[in-house]
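Report on the structure
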Amino acid sequence: MAKIIVLCCLIILAAFGSVNAQKIGFYELKKDNITLKFTNWGAAIVSVILPDRNGKLADVALGFDSIQEYETNKRNFGAVVGRVANRIKGAQFTLNGTVYKLIVNDGPNNTIHGGPQGFAHVVWNVTAHSNVGHTPYIVFTYHSIDGDQGFPGDLLVTVRYALIGHNKFSITMKAVALNKPTPVNLAQHAYWNLGGHDSGDILSNVIQIFGSQITALDSELIPTGKFEPVKGTPYDFLEPRPIKSKINGLAKGYDINYVLDGGVGNKLKRVAVVHDPKSGRVLELSASAPGVQFFTANSLNMTGKGGFGYKPHAGLCLETQAFPNSVNQPNFPSTIVSPGKPYEHYMLFKFSTN
């Protein structure tokens, strides 16, 4: 079976050529009241347009107007991050007795989101795209070569976005190791503002996160290997409450991995519900990953779509993922993907109003 999987991947590579074969462009999916726009730079979500409780349309994803801005900015707006999302302590890990040294791009010591030329900062191939029928979809493919940013082995990655119902879309991420075991942890790095990307901050949004523990952090925002309960702390969103209600108890804002209560298996589990009281828009997120990074864009300061100034807390991220630095924490669920044992990560985004 492993040989068959690798052979199929090699056939796909031969059919679609190198990852840089396509020009960078924008692509669209539309169904009923929801429209999604993408770019193959980073396989990124560019915009998500949908109505509020009064039927008024707005774009609820932060981003840029031009390809050039995506190419030059490192904020990962809407992008797929990898080969390993989040931080790796010391920019290295040991696998099967070999020490792999990565490229430092987070402070003086660590690697974040796969390195400076991680998956968010490369050109992906668009290998399928249909904007008709009951399930409009688009598929992005990327071949990460052996040694890419220091990681071992060739890795073939596919990301499929699909509109699957009324104001719902799914993301299916898959990765196949072609010749060596390698760590894999892919995440979607959209910045959401349900009031509209140009509506100001998200501090009045009401959020519920279905995680009763967090992975405790060291001074470099890397998990220590310990788990801490959120009950009674500023991280307690077990019941819905405004983001601003306890954010003053933190130095800058939220940037933490929650351990989802559904367990570490690959089954779909509830992640979070976000409600913007002003517009009435609601986002419900489910995923198969064991964790979610809740991030409130604490130091954001740049110009985005339409010339609007994005300031701190202009958006929030819910990056479903494996636990950060898992490759160096033996008590965390493994992120190692081997030939014949592919990786898969599924997300479901459901929007509504009330």
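Quick note: structure is the one above.
Residues numbered from 1 in each chain as written. Predicted model: local features only at pLDDT ≥ 70, side-chain atom pairs only at ≥ 80, totals over all residues. Heavy atoms only, no water.

**Considering the packing of aromatic side chains**
By the definition in use, this model includes 25 aromatic pairs. Centroid distance Phe64 to Tyr70: 5.3 Å. Interplanar angle 85°. Geometry classified as edge-to-face. Note on accessibility: Phe64 and Tyr70 belong to one class, buried. Ring pairs connect the aromatic residues Phe64, Tyr70, Phe77, Tyr191, Phe295, Phe308 and Tyr310, which therefore count as one cluster. The ring centre of Tyr137 lies 4.7 Å from the NZ or CZ of Arg160, which sits over that ring. (Phe/Tyr/Trp six-rings, centres within 6.5 Å; stacked < 30°, edge-to-face > 60°. Buried < 20%, exposed > 50% of the residue type's maximum accessible area, 1.4 Å probe, protein only. Lys NZ or Arg CZ within 6 Å of the ring centre and 35° of its normal.)

**A word on empty space enclosed by the protein**
A water-sized probe rolled over the atoms picks out the places where empty space is left. Taken as a whole and assessed by the stated rule, the structure comprises 4 cavities of 30 Å³ or more. Considering only enclosed or pocket space, the largest cavity measures out at about 70 Å³ in volume. Contributing to the lining of the largest cavity are Trp41, Gly42, Ala44, Phe64, Tyr70, Asn73, Arg75, Asn76, Phe77, Ala79, Ala120 and His121. For the lining of the largest cavity, the per-class residue count stands at 7 nonpolar, 4 polar and 1 charged. Considering only enclosed or pocket space, the second largest cavity measures out at about 60 Å³ in volume. Lining the second largest cavity, in full, are Val84, Ala85, Ile88, Pro183, Asn185, Phe323, Pro324, Asn325, Ser326, Val327 and Thr335. (1 Å grid on protein atoms, 1.4 Å probe; cavity = no way out; pocket = protein on both sides within 12 Å on 5 of 7 lines; lining within 4 Å. Points joined across faces, edges and corners; volume = space filled by probe spheres on them. Nonpolar A, V, L, I, M, F, W, Y, C, P; charged D, E, K, R; others polar.)

**Comments concerning the sheet that holds strand β4 (residues 57-59)**
Judged by pairing direction, the sheet is antiparallel, and its 4 strands sit side by side in the order β1-β2-β3-β4 without closing on themselves. In this open sheet, the two strands that pair with only one neighbour each are β1 (26-31) and β4. Ignoring strand direction, the axes of neighbouring strands in this sheet form an average angle of 15°. Both strand β3 (residues 44-51) and β4 contribute to a ladder of 3 bridges, which runs antiparallel. (Pairing = 2+ DSSP bridges. Helix = DSSP H or I, 4+ residues; strand = E, 2+ residues; numbered from the N terminus. Axes fitted to C-alpha atoms, helices over the stretch in contact; angles between N-to-C directions.)

**A word on unusual backbone geometry**
With an omega of 10°, the peptide bond between Gly82 and Arg83 qualifies as cis. With respect to the helices and strands, the residue Arg83 is situated in the loop between β5 (80-81) and β6 (87-88). A positive phi angle is found at Ala43, which is not glycine, with a value near 50°. Structurally, Ala43 can be placed in the loop between β2 (34-39) and β3. In this structure, Asn76 takes a positive phi of about 65° despite not being glycine. Here Asn76 shows up in the loop between α2 (67-72) and β5.

**Let's talk about the nonpolar core**
Of all hydrophobic cores here, the largest spans 63 residues; its most connected members are Val48, Trp124, Tyr161, Phe169, Trp192, Phe294 and Phe351. Listed in part, the 15 residues of the second largest apolar core include Leu62, Phe64, Val123 and Met302. (Core = buried A, V, L, I, M, F, W, Y, C linked by side-chain atoms within 4.5 Å.)

**Quick notes on the pattern of salt bridges**
The tally for this structure, following the rule as stated, stands at 5 salt bridges. Its salt-bridge partner being Arg87, residue Asp106 comes within 3.0 Å of it at the nearest N-O pair. Here Asp106, found in the loop between β8 (98-101) and β9 (111-112), pairs with Arg87, found in strand β6; they are 19 residues apart in sequence, far enough to count as distant. Each member of the pair, Asp106 as well as Arg87, is classed as buried. Because the salt bridges share partners, they merge into one network encompassing Lys89, Asp218 and Glu220. (Salt bridge = Lys/Arg side-chain N within 4 Å of Asp/Glu carboxyl O.)

**Topic: the sheet that holds strand β11 (residues 137-144)**
The sheet built from 9 strands is open, its strands ordered β10-β11-β12-β13-β28-β22-β21-β16-β19 with antiparallel pairing. For this open sheet the edge positions go to β10 (125-130) and β19 (241-242), each flanked by a neighbour on one side alone. Alignment of strand β12 (residues 155-165) against strand β13 (residues 168-177), held across 10 bridges, turns out to be antiparallel. From the neighbouring strand, Thr158 faces β13, where its bridge partner is Lys174.

**A few points about the layout of surface pockets**
Approximately 810 Å³ is the volume attributed to the largest pocket. Forming the walls of the largest pocket are 33 residues, and the residues nearest its centre are Arg87, Ile112, Leu221, Asp255 and Phe295. Of all the secondary-structure elements, those providing two or more residues to the lining of the largest pocket are β17 (213-217), β20 (255-259) and β23 (291-295). Per element, the largest residue contribution to the lining of the largest pocket is 3 residues, and it comes from β17. Counted by class, the lining of the largest pocket contains 14 nonpolar, 11 polar and 8 charged residues.

**Re the pairing of strand β18 (residues 223-229)**
In terms of strand pairing, β17 meets β18 through 4 bridges, oriented antiparallel. Note that in β18 the partner of Leu217 across the bridge is Pro223. Here β17 folds back onto β18, and the loop between the two strands holds 5 residues, one of which, Leu221, carries a positive phi near 65°.

**Things to note about the side chain of His113**
Inspection of the secondary structure assignment puts His113 in the loop between β9 and β10. Assessed through its relative accessible area of 11%, His113 is described here as buried. A distance of 2.9 Å separates a polar side-chain atom of His113 from the backbone nitrogen of Asn86. Contacts of His113, omitting those with residues within four sequence positions, involve Asn76, Val81, Gly82, Val84, Ala85, Asn86, Gly118, His189 and Glu319. (Polar contact = N/O pair within 3.5 Å; in protein donor to acceptor, adjacent residues only side chain to side chain. Contact = heavy atoms within 4.5 Å.)

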